[in-house]
Amino acid sequence: MSIPEELQMSIRRIKLTLKALFSMLFFQILLTSAAFGILYYNIYKNTPKIRIINKPAEFKSIHDSDTQYKILSRFSSDFYIKGTSFYQPKYSSVRQIKPEGQISVAFPNIKFITRFSFSFKRKALNAVHIIFKKPILLPLWSESLEFWAHGAGKPMLFKMVYKDASGKHYTLDFGRSTFSGWYRLSKAIPQRQMLSKPFSFRYQKLWLVKIIILDNIAGRRRKSLYHLTNLAVSRIKRNLKNYWEFWTYKKLLDFNADTFKLFRYRFVGFTNKTISLKQYNPALKQKFSTDYLQIKADLNKSGSNHFILRFRKYIRTAICRKIILSIKGGGRGESVYLIVRNMKKQYYMLKFGDINFTGWRKIYVTIPYWVIQKTKYITDDKGLQLLEFIIKPKKNYRIKTMLLGFDNLAIVEDRGTFFYEGMKYEKMWK
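Chemist: Help me understand the pairing of strand S16 (residues 291-299), please; the structure alone is not making it clear to me.
Modeler: A regular strand places its side chains so that they alternate between the two faces of the sheet. Counting buried positions over the 9 residues of S16 gives 8, a clear majority of the element. Of the strand pairs in this sheet, strand S15 (residues 270-279) and S16 are connected by 8 bridges, and their pairing is antiparallel. Looking at S16, one finds that leucine 277 is bridged to leucine 293. Pairing geometry for S16 and strand S23 (residues 401-414), over 6 bridges, is antiparallel. For leucine 293, the partnering residue across the bridge sits in S23 and is phenylalanine 406.

Chemist: What is the right way to look at the pattern of salt bridges in this model?
Modeler: Side chains that differ in sign of charge can pair as their charged atoms come close. What the rule picks out here adds up to 11 salt bridges. Here arginine 310 makes a salt bridge to glutamate 388, at a shortest N to O gap of 2.6 Å. With arginine 310 in strand S17 (residues 306-316) and glutamate 388 in strand S22 (residues 384-392), this pair connects stretches of sequence that are 78 residues apart. Taking the relative accessible area as the measure of exposure, glutamate 388 reaches 7% and is therefore buried. Aspartate 414 serves as the salt-bridge partner of arginine 321, at 3.2 Å between the closest nitrogen and oxygen. Of this pair, arginine 321 sits in strand S18 (residues 320-330) while aspartate 414 sits in strand S23, placing them 93 residues apart in sequence. By relative accessible area, arginine 321 is classed as buried at 12%. Its relative accessible area of 5% is what places aspartate 414 among the buried residues. The network of salt bridges with common partners includes Glu58, Lys60 and Lys322.

Cut-offs applied
- Throughout, residues of each chain are indexed from 1 in the direction in which the sequence is written.
- Reporting of local features is limited, given that this is a predicted model, to residues whose pLDDT is at least 70; pairs of side-chain atoms are given and counted only at 80 or more, and all residues count toward the totals for whole chains, interfaces and linings.
- In computing side-chain properties, one takes all heavy atoms of the structure into account and sets aside hydrogens as well as water.
- When accessible area is computed with a 1.4 Å probe and restricted to protein chains, residues below 20% of their type maximum are described as buried, those above 50% as exposed, and intermediate ones as partly exposed.
- We count a stretch as a helix when DSSP gives it H or I for four or more residues in a row; a strand needs E for two or more, and each element gets its number in order from the N terminus.
- Whether two strands pair depends on DSSP finding at least two bridges between them.
- Salt bridges are defined as contacts in which a side-chain nitrogen from Lys or Arg sits within 4 Å of a carboxyl oxygen from Asp or Glu.

This is how it looks when you write it as structure tokens:
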């Protein structure tokens, strides 16, 4: 039975209409649906599947510190020693010696570590206080305290004492540890973890006063040796899962004249397109480079409107915990995404959030732990590859112009990968 020609034409028109509608709404539907969970899809024809990561982004002031780790003291000459009643200062000593072993790998530029030799009149639960001549102010961004010690398989017990502005003292107990070689002792600052308390209490000013070493091994004829260095603070909210992580900040690139040739651009659904370098106002020149990248374009039609900023050659990162982008918004609500790839050739789309603000902000996106960045079988290709940014204008745009500025792409990398069993340094100094 033959189908009438008019009916065939109607079916053809319906198919064409549905195809055009799908092509217009394809990108919008996929990005909108990401709000309801994680899914897989293809952005372009013949591209691999990409997984959307729609985690909340952190928006911070452009003047917020990028420091992730800061050394407060190397135990050189900023302290004095006070012991309990059995302590014998005459037979004890403090001196700097050349670093060896894993500490030299973790800190290639370290010049010395400090050796403490303690003597006591009798073997008992003795204690030595390493008191700082001037209490050390902890940065407000610090979440945990840490230092490095060298052990010889004997029990070691450390405590830290810090105070608040009112003069109240607190003790942070690092517990009883038995280890050989260099070891990093780290603890979260309790006040920072009290989520039931107001922000003003959690991030009040704190000063580090002293470190206490408890010793029940040394006596009149037997001294105890301690090797300490790099008393520091970290942004990591320390717990058992991230105990070995070691975060550092690393700038990948500035969007300026030197890097302008590293990108390719693609506009879909825009007209009057301009990509140019703009100068900063004098107040921000010290914080940034001399110029930044500005993207400006007018909406041409409704539908699948988006802009692609693609790296000609992907940017390789180390083990990456956060990606940071400095962006200048106009309060128009554009959505910014970044596509990344790991060593297993898996693709992910990270959402940097909606640009509902005006002026410069820094956007932090946290990489989920289930995004694989290293395996025990792959050692040379760790981390992520950054491929391209995708900018999607807000639906029902009142102002028919997209205007954004980009600068300072950076990451927070995890250098904790230098910790593994083969790097323990068992040698004892004499």
